[in-house]
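What follows is the residue order along each chain.
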Amino acid sequence: MSDAPSDFEPQKVKPAGIFGTVFLILFATPFAGLGLVAVFAGIKKWVAGNHHDGPMLCLLGAIFSTVGFGLMFAAVWSQKKARQTVALKTRYADKPWMMREDWAAGKIKPSDPASLKFLLLWAVLALALSAPVLGSFPQEWHQHNYGVLVVLLFPLLAFGLIGYVIIRWRSRRRFGQCFFELAQIPIPLDGTLNGLISVGGRLKLEHGLHLTFSCIRRVVTGAGKNRSVQEEILWQEEKVYKNEMTLPEPEPGHTGIPIFFQLPEGKPQCFSLDTVSVLWRLEAKAKLAGPDFQVRFELPVFKVAGAVVDVGTADPTAALQAPIEEVRRDENSRIKVSNGPAGREFYFPAARNIGTTLMVTLFFLVWSGIVWALATHRVSLFFTLTFGAVDVLIFWGLLIAWFKSSRVAVNPTQVQVTKRYLVFGRQRNFSTGDIARFETKPGMQSGSQVFTDIRLILRGADEEFAARNRSLPSSPNVNQAVMMRMRAAAGPRGVTVASSIATSLEAEWLVREMNDALGCRNAEKENKPQRRQGTEP
């Protein structure tokens, strides 16, 4: 089931209204005016010899005037872009990929999360806002006002942004301008993605090149301060290129990365409707000495009448791809596979995804500091308890990340699953007569990365799952997205034996090894269609 119609349906295009633009300009005018007044008053005091209030007033005035004039510029620019969008939608109602200049040209620009200038501006604003309080920090600290520590989050955030800007700037300077050149415009739905990433500098692989191609549902909820954006992976495919491969050079000093992916069946095309949209994203990254290489593109995937759809085409990048033995090297994976007395043993140690675990730890420390500040300053009991409850949940997840390990022993007669939490452990045994197969399932999602879980599916689970799906309401009054989530939540009955595997390639290899040890030679074929299916059945 898809979130959008299989055929593109042009929508009625409404002209952009000017009321919002006028309102935003009127709203920003007091900020700009008061800011300018404060700047001139600060300069006057500064010249008169007041070297304390003068600079501070100038700084606050500069912040207010920057915000005011920035909002005015954004309002005018947004109105202009809205008119251009309306004109393009009217002109290319049946060819939506023509509304983006780079999509129409077939040379797609990287989709950076944020521009370097924008991030640098926020870093400066964070430092400016925290400057007045930082000046009085020693005095507040000597008065045992430890809540002032919260103010340090602003300069820490600012320096973090500045560090990120420097890393991005070094990477851009090293690899130059990158773009993705499509072999076919647009990419046909249910067809193949074929093209070349052009890197504006020399790229010599050191630890392999990781490619990820994803279909993503993006949902925007709330507005203003409560606005949030959630991305859900509907499907994802991964490839890893060998580090010893020499990538082609389309022109001297430039590097080309050949790209080929077979698109899955039954997934939605690109679309945007109110707060829900679907996008297809390609990401390439490689760890290098110095700045790492990382680039992502949003690609035009549409169903077009008469488009050439190549199904079953041989993968021209197969020779570039690394074998599973290289993907599972010790520096890439800590999961151990061996033969033991109980059969083929798969050991999943604790804290194996050390980067994610450290990030969760840092987030827990920051959140705990907020809870401590709320408790010591006797803020509303409701907020303190709410934040405290969330802190407990984060702490529980942190314990699992650091200390939970699991071992799966598989042989033709039984499967033994042992999970340990430090000195505590639990063991479960399953007879092979009760087991249908092992399969992968999308698990925790962190940003654009989806971790994979491995589940043991019991016999009869597929029939039970199909029966539950048939019993779901099919009335047109039932929201289709709700029905899809109900079906996904109802999933086949099974037991999660391992979780948070960072690479889907390794997870699928582990499933094949488990099914072979179990004696289910055909289980791999049964499991393959469910690979990275996200929430869609």
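Just above sits the structure.
Residues numbered from 1 in each chain as written. Predicted model: local features only at pLDDT ≥ 70, side-chain atom pairs only at ≥ 80, totals over all residues. Heavy atoms only, no water.

A. Quick peek at the sheet that holds strand 7 (residues 255–262). If you walk across this open sheet you meet the four strands as 1-2-4-7, and the pairing is antiparallel. Either end of the sheet is taken by a strand with one partner, and the two such strands are strand 1 (107–108) and strand 7. Judged from the four bridges that link them, strand 2 (residues 179–182) and strand 4 (residues 192–199) form a sheet pairing that is antiparallel. Residue pairing for strand 4: Leu182 is matched across the bridge by Gly195. (Pairing = 2+ DSSP bridges. Helix = DSSP H or I, 4+ residues; strand = E, 2+ residues; numbered from the N terminus.)

B. Focus on the nonpolar core. Among the nonpolar cores identified, the biggest contains 41 residues, and Phe180, Leu193, Ile257, Trp280 and Phe293 are the most heavily contacted of them. When residues in this core are grouped by element, the largest group, five residues, is from strand 9 (residues 276–286). In this structure Phe180 touches Gly106, Lys107, Ile108, Leu193, Gly195, Leu196, Ile197, Ile259, Leu282, Phe297 and Leu299, once residues within four positions along its chain are discounted. In this structure, Val327, Val417, Phe438 and Val497 belong to the second largest nonpolar core, which totals 29 residues. (Core = buried A, V, L, I, M, F, W, Y, C linked by side-chain atoms within 4.5 Å. Buried < 20%, exposed > 50% of the residue type's maximum accessible area, 1.4 Å probe, protein only. Contact = heavy atoms within 4.5 Å.)

C. Spatial organisation of the packing of aromatic side chains. For the coordinates displayed, the defined rule picks out 12 aromatic pairs. Centroid distance Phe213 to Trp280: 5.6 Å. Interplanar angle 40 degrees. Geometry classified as tilted. With Phe213 in strand 5 (residues 209–221) and Trp280 in strand 9, this pair connects stretches of sequence that are 67 residues apart. Just as Phe213 is buried, Trp280 falls in that class too. Plain terms: the ring middles of Trp367 and Phe387 are 5.0 Å apart, the flat faces sit at 15 degrees to each other, and that makes the pair stacked. Pair noted here: Trp367 is in helix 8 (residues 354–376) and Phe387 is in helix 9 (residues 381–403), with a separation of 20 residues, a long-range link. On the basis of relative accessible area, Phe387 is assigned to the partly exposed category, the value being 25%. Positioned above the aromatic ring of Phe179 is the side chain of Lys107, whose terminal nitrogen or guanidinium carbon lies 4.3 Å from the ring centre. (Phe/Tyr/Trp six-rings, centres within 6.5 Å; stacked < 30°, edge-to-face > 60°. Lys NZ or Arg CZ within 6 Å of the ring centre and 35° of its normal.)

D. Geometry of a nonpolar patch on the surface. A contiguous nonpolar surface patch, about 510 Å² in accessible area, is contributed by Leu36, Phe40, Ile43, Val47 and Phe69. If one sorts the elements of the nonpolar patch by residue count, helix 1 (residues 19–47) sits on top with four residues. As for its position among the elements, Ile43 is in helix 1. (Patch = residues over 30% accessible without salt bridge, like charges linked within 9 Å, V, L, I, M, F, W, Y side chains within 5 Å. Areas by Shrake-Rupley, 256 points an atom, 1.4 Å probe, with all protein chains shown as cover. Salt bridge = Lys/Arg side-chain N within 4 Å of Asp/Glu carboxyl O.)

E. Local environment of the sheet that holds strand 13 (residues 343–348). An order of 12-13-14-15-16 is seen for the five strands of this open sheet, with the pairing classed as antiparallel. For this open sheet the edge positions go to strand 12 (336–340) and strand 16 (424–431), each flanked by a neighbour on one side alone. With strand direction ignored, the average angle separating the axes of adjacent strands in the sheet is 15 degrees. Here eight bridges tie strand 15 (residues 414–421) to strand 16, and the two strands are oriented antiparallel to one another. Paired with Gln414 across the strands is Ser431, a residue of strand 16. Sitting on the sheet, helix 12 (residues 504–518) touches strand 12, strand 13, strand 14 (404–410) and strand 15, and the angle it makes with strand 13 is about 150 degrees. (Axes fitted to C-alpha atoms, helices over the stretch in contact; angles between N-to-C directions.)

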